[in-house]
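Spelled out, the chains give:
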Amino acid sequence: MPLIRVGLGNRINRLRRAAVNALAAWPPAAVPDEARDWVRRAAAIEPVEETRAEMLAFLVSG
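Here is what the cut-offs are and how they apply
Residues numbered from 1 in each chain as written. Predicted model: local features only at pLDDT ≥ 70, side-chain atom pairs only at ≥ 80, totals over all residues. Heavy atoms only, no water. Axes fitted to C-alpha atoms, helices over the stretch in contact; angles between N-to-C directions. Helix = DSSP H or I, 4+ residues; strand = E, 2+ residues; numbered from the N terminus. Left-handed = near helix turned anticlockwise from the far one by under 90°. Contact = heavy atoms within 4.5 Å. Nonpolar A, V, L, I, M, F, W, Y, C, P; charged D, E, K, R; others polar. Expected span 1.5 Å × (residues − 1). Buried < 20%, exposed > 50% of the residue type's maximum accessible area, 1.4 Å probe, protein only. Arc of directions from axis to C-beta. Core = buried A, V, L, I, M, F, W, Y, C linked by side-chain atoms within 4.5 Å.

**Student:** Tell me about the packing of helix 3 (residues 33–45) against helix 4 (residues 49–61), and name the residues and values.
**Tutor:** Relative orientation of the contacting elements helix 3 and helix 4 amounts to 145 degrees, with a least axis distance of 9 Å. Handedness of the crossing formed by helix 3 with helix 4: left-handed. Mapping the contact onto sequence places Arg-36, Val-39, Arg-40, Ala-42 and Ala-43 in helix 3 and Arg-52, Met-55, Leu-56, Phe-58 and Leu-59 in helix 4. Among the residues making up the contact of helix 3 with helix 4, the classes are represented as seven nonpolar, no polar and three charged.

This is how it looks when you write it as structure tokens:
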């Protein structure tokens, strides 16, 4: 999980997207609440609209 957290806070958009996609590949019940909080915080400050939309879609799907 530390790599997911670092990825969500990275300045490189590709890495932020990779972190969200990694979490999205998990069964929803397996995603820790802590990780959802990380995505929620990352989405609140995400400058790239497409990436923000992916983050929000992840949050809605689980």
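**Student:** Run through helix 3, naming residues and quoting values.
**Tutor:** Helical periodicity: at 3.6 residues per turn, an α-helix aligns residues three or four positions apart in one direction. Its 13 residues place the ends of helix 3 19 Å apart at the C-alpha level, agreeing with the 18 Å of an ideal helix rising 1.5 Å per residue. Taken residue by residue, helix 3 has Ala-35, Arg-36, Trp-38, Val-39, Ala-42 and Ala-43 as its buried positions. Relative to the axis of helix 3, the buried residues are bounded by an arc of 155 degrees and lie together on one face. Opposite the packed face of helix 3, turned more than 90 degrees from it, sit the exposed residues Asp-33, Arg-41, Ala-44 and Ile-45. Among the structural elements, helix 1 (2–8), helix 2 (13–24) and helix 4 are those in contact with the buried residues of helix 3.

**Student:** I'd like to hear about helix 2, residue by residue, with values.
**Tutor:** Across its twelve residues, helix 2 extends 16 Å between first and last C-alpha, which sits within 8% of the 16 Å expected from 1.5 Å per residue. Inspection of helix 2 places Arg-16, Ala-19, Val-20 and Leu-23 among the buried residues, and these make up the whole buried set. Seen end-on, helix 2 carries its buried residues on one side only, within an arc spanning 95 degrees. Against helix 1, helix 3 and helix 4 lie the buried residues of helix 2.

**Student:** Can you tell me about the environment of Ile-45, naming the residues and giving the values?
**Tutor:** Locating Ile-45 in the fold gives a position in helix 3. Taking the C-alpha atoms as reference points, Ile-45 and Gly-9, separated by 36 residues in sequence, lie 9.8 Å from one another.

**Student:** I'd like a description of the nonpolar core, backed by residues and values.
**Tutor:** One finds Ile-4, Leu-8, Leu-23, Val-39, Met-55 and Phe-58 to be the most contacted residues of the largest nonpolar core, which totals 14 residues. Sorting the residues of this core by element identifies helix 1, helix 2, helix 3 and helix 4 as the ones contributing at least two each. Of all the elements, helix 3 adds the most residues to this core, at five residues. Ignoring sequence-local partners within four residues, the contact set of Val-39 consists of Leu-8, Leu-23, Met-55, Phe-58 and Leu-59.

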